[in-house]
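Residue-level structural notes
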2 protein chains.
Amino acid sequence: MNVTGHNRSPASIRDVAAAAGVSYQTVSRVINGHPSVKQSTRERVLAAIDELGFRRNATALALARGRSRAVTVLTANTTHYGYASILQGVEESARSAAYSVGVGVLESADPAAVTAEVQRAADAGGGLVVIAYDPEGVQALEAVPAGVPVVGIVETPASPPTDNRPWVWTDDRQAAYEATRHLLSLGHETVHYVAIPSSTRRTGARTSGWRQALKEAGAAQPRPVQGSWGPAGGHAAGRKLARDPSVTAILCGNDDLALGVLRALHEAGRSVPGEVSVAGFDDAPHSAYLTPSLTTVRLDFTGLGRAAFALLHGVLEESAPIAPHPVSVPELVVRESTGRPSA
Amino acid sequence: MNVTGHNRSPASIRDVAAAAGVSYQTVSRVINGHPSVKQSTRERVLAAIDELGFRRNATALALARGRSRAVTVLTANTTHYGYASILQGVEESARSAAYSVGVGVLESADPAAVTAEVQRAADAGGGLVVIAYDPEGVQALEAVPAGVPVVGIVETPASPPTDNRPWVWTDDRQAAYEATRHLLSLGHETVHYVAIPSSTRRTGARTSGWRQALKEAGAAQPRPVQGSWGPAGGHAAGRKLARDPSVTAILCGNDDLALGVLRALHEAGRSVPGEVSVAGFDDAPHSAYLTPSLTTVRLDFTGLGRAAFALLHGVLEESAPIAPHPVSVPELVVRESTGRPSA
DNA sequence: GACATGAATGTGACCGGTCACAACCGCAGT
DNA sequence: ACTGCGGTTGTGACCGGTCACATTCATGTC
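Residues numbered from 1 in each chain as written. Chains lettered and ligands numbered in written order. Predicted model: local features only at pLDDT ≥ 70, side-chain atom pairs only at ≥ 80, totals over all residues. Heavy atoms only, no water.

Bringing the protein's contact with DNA strand C into the picture now. Inspection of the region around DNA strand C gives 27 residues, with Arg29(A), Thr41(A), Arg14(B), Gln25(B) and Ser28(B) positioned closest. For DNA strand C, the backbone portion of the atoms within 4 Å of the protein, that is sugar and phosphate, comes to 49%. Interatomic distance of 3.3 Å between a backbone N/O atom of Asn57(B) and a phosphate oxygen of DNA strand C. Sorting the residues of the surface near DNA strand C by element identifies helix 2 (24-31) and helix 4 (58-65) of chain A together with helix 1 (13-20), helix 2 (24-31) and helix 4 (58-65) of chain B as the ones contributing at least two each. (Near = heavy atom within 4 Å. Polar contact = N/O pair within 3.5 Å; in protein donor to acceptor, adjacent residues only side chain to side chain. Helix = DSSP H or I, 4+ residues; strand = E, 2+ residues; numbered from the N terminus.)

The following block contains the structure:
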């Protein structure tokens, strides 16, 4: 009988101490597995703990220790596949390290709101993981107060964040490069690009990888079409591209955009991959089941989340040395949506 | 200059008090907007706060007050559309109430792990939102220690959780009922069902709504096909159903399953909706862009999340009275994937 | 038998806030 | 001059743990 049902407020170590006839300090020692506690005493204390249903108060612990086994993930979105998977990865490893995980969403538009959210997360006391794939995330990363442990998840290894904080990345640039080369190698004259909103005012890593592949191949470099994140944006972009008969290959900034593009092409009566090839980015779970199934670049988002946590964990506990910035290697997955041009 | 760069440890109210030449209690009063503080004093304190870059320590606050403006969402998954959207809804309203949001994932298989996760979340001190759409969630809801404020998000209003804790729901039963009736009204002899894992050992709400519609129409009641959550499960189920030429209408437990079913039918050479009609559940963002676009039942998951938080907020702050269990009304969205049977 | 030694335990202060209560202030009422 | 009172401010204890240090006790050694 470890829970006595109608207990008023939860038992503290002093309650346990009283019940076991020892001092609170001894109870503390037992909880923390300190060696110098006589066996008989330890057993008495453990019995009392069980009896009273004692659980160590996490808040008090955090206050006394000055740090709180907690990580907060700051992200612009929690529903898109990549973001959600990163969160899942962080949560996964955080859980097995007995850390708790918080989420803070960075509301677009308002910079003050972003800063406020960062502040609140910082006040929580633990470490921060900032997903800096988009403008809000980048701003958030910069707004993190000095002294707060933080790991950034960024799009490109090219230019590190302003200071020497650790970060992890997927090599999006390389990934886009490879996807573009795949399409070119099939015989397409050039490849059009439907972009996701880029992380900075400058060109995003995916865009730049695509561009480089075109350049190296001496192919024409059409203007990227700006899309949003979701399928609706892809659909809008796809309608424009579908009107241009010279378009035979389209690379999309993510799989959702690609889905919208596929739909737009279908509505315009252009067959995929017969007339137009389409490739995506991310390899979301549904991409393999579309008709036609989607050629895309698989990115290990959950692995990225795990790496971010591992890094942060190292910083917070000062135990494990900070591993060099982990990279996850993207992998091109060729499916039905890409093929040789018909002409 | 509110941040003095190289500040060692963050300033406490006593630091501020010293700087302003008042007692710590006066600082506390200023922070909390207590009326009886002389205007000149207040200004002096505010100046010191700004000077030292003081921020109130959330941990200490929680310890002193005995409760912490925090909510933890317990869920079996963070990436599936419905779950992720609920989380988003909770986060959204939590943020505007200046609450922080935690996430705990309930690892399947191991019941002990589920209980442990619930415990850790409870220890965090705030309130709990448990998504009890699946066996893990239901178990978690039951494992919440007495005295911890909790709101459950359940599948069916039929049988409330064991005790009188508040909860919210979507009327999944009614939704499935309507979707089934839609298919029957198109002239299908009967409707097959690909089920998501149900929340209890008994039949899930969606299954039961489907069954009732068939019963009322005097239609045959085929065995539901067990699927998992993702498209892979739907694909497997779809392959079985595709082999049976008598199958002309399939209702799926969610849109991901439906996607897998669509793919399987395509592979088997059966046209949708020409030979077979397919309907999903949830109205995920991509469902409208599939080819054929998916008939489905739209559920307001973010609204559900918001409602859950509102309820919990009421409990935690004892201010607003507990509103009656909010329901969000599902809406049938008819698209291309359903039509009259060909025969 | 006196003393150093190490194991086992207890005491007080502290983390950074809050709460309850006491004390001080100036001013009106008698 | 004495009292009452509301506005202002300060003091001490507390939330539930930890940490640094002091203390007690049994033991082995000279």
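There is more to say, and it comes next.
Turning our attention to the pairing of strand 5 (residues 167-170) of chain B. Residues and elements named next belong to chain B. Residues of strand 5 alternate between two faces, with Trp167 and Trp169 on one and Val168 and Thr170 on the opposite face, all of them buried. Bridge count for strand 4 (residues 150-154) against strand 5 is three bridges, and the pairing is parallel. Looking across to strand 5, one finds that Ile153 is bridged to Val168. (Buried < 20%, exposed > 50% of the residue type's maximum accessible area, 1.4 Å probe, protein only. Pairing = 2+ DSSP bridges.)

Before going further, it helps to examine unusual backbone geometry. Here Val272(B) and Pro273(B) are connected by a cis peptide whose omega angle stands at 5°. Among the structural elements, Pro273(B) can be located in the loop between helix 11 (255-267) and strand 9 (277-279). A cis amide bond links Thr291(B) with the next residue in sequence, Pro292(B), at an omega value of 0°. Positionally, Pro292(B) belongs in the loop between strand 9 and strand 10 (296-298). For Ala98(A), which is not glycine, the phi torsion reads 60° and is therefore positive. According to the relative accessible area criterion, Ala98(A) is partly exposed, its value standing at 35%.

Let's shift gears to the protein's contact with DNA strand D. Neighbouring DNA strand D are 27 residues, the closest being Arg14(A), Gln25(A), Ser28(A), Arg29(B) and Thr41(B). Of all DNA strand D atoms lying within 4 Å of any protein atom, the proportion belonging to sugar or phosphate reaches 49%. Between DNA strand D and the protein, one listed contact pairs a base nitrogen with a side-chain N or O atom of Gln25(A) at 2.3 Å. Sorting the residues of the surface near DNA strand D by element identifies helix 1 (13-20), helix 2 and helix 4 of chain A together with helix 2 and helix 4 of chain B as the ones contributing at least two each. Of the residues in the surface near DNA strand D, the class split is twelve nonpolar, ten polar and five charged. (Nonpolar A, V, L, I, M, F, W, Y, C, P; charged D, E, K, R; others polar.)

Attention now goes to the packing of aromatic side chains. Enumeration over the complete set of coordinates arrives at twelve aromatic pairs over all chains. Judged by centre distance (6.4 Å) and plane angle (65°), the ring pair of Tyr83(A) and Tyr133(A) falls under edge-to-face. Here Tyr133(A) lies in the loop between strand 3 (127-132) and helix 7 (135-143) and Tyr83(A) lies in helix 5 (residues 81-96), a separation of 50 residues in the sequence. An identical accessibility class is assigned to Tyr83(A) and Tyr133(A); each is buried. Between the aromatic rings of Tyr81(B) and Phe301(B), the centroid separation amounts to 6.0 Å while the plane-to-plane angle is 85°, which identifies the pairing as edge-to-face. With Tyr81(B) in helix 5 (residues 81-96) and Phe301(B) in helix 12 (residues 301-317), the pair connects residues that are 220 residues apart, well separated along the chain. When its relative accessible area of 2% is taken as the criterion, Phe301(B) is described as buried. (Phe/Tyr/Trp six-rings, centres within 6.5 Å; stacked < 30°, edge-to-face > 60°.)

With that settled, consider the domain arrangement of chain A. Residue and element names in this part refer to chain A. For chain A, the assigned domains are domain 1 (13-56), domain 2 (68-171 + 300-328) and domain 3 (172-298). Here domain 2 and domain 3 have C-alpha centroids that lie 28 Å from each other. If you look at the interface, domain 2 gives 15 residues, while domain 3 gives 20 residues. For the pair domain 2 and domain 3, the summed buried area comes to about 1300 Å², and 54% of that belongs to carbon and sulfur atoms. Among the residues domain 2 hides against domain 3, the three largest losses belong to Tyr81, Glu155 and Asp171. Together they make up 45% of the total. Our count for the domain 2 to domain 3 interface comes out at zero salt bridges. Where domain 2 meets domain 3, there are four residue pairs in polar contact (both at pLDDT 80 or more). (Domains from an automatic or database assignment. Contact = heavy atoms within 4.5 Å. Buried area = accessible area lost by both parts, 1.4 Å probe. Salt bridge = Lys/Arg side-chain N within 4 Å of Asp/Glu carboxyl O.)

Bringing the confidence of the model for chain A into the picture now. In low-pLDDT regions, the fine details of the predicted coordinates are not to be read closely. Across chain A, pLDDT averages 90, with 91% of residues at or above 70. Long-range and interchain partners of residues 1-6 of chain A, a stretch whose pLDDT sits below 50, account for seven contacts in this model, where long-range means more than four residues apart. (pLDDT = per-residue confidence, 0-100.)

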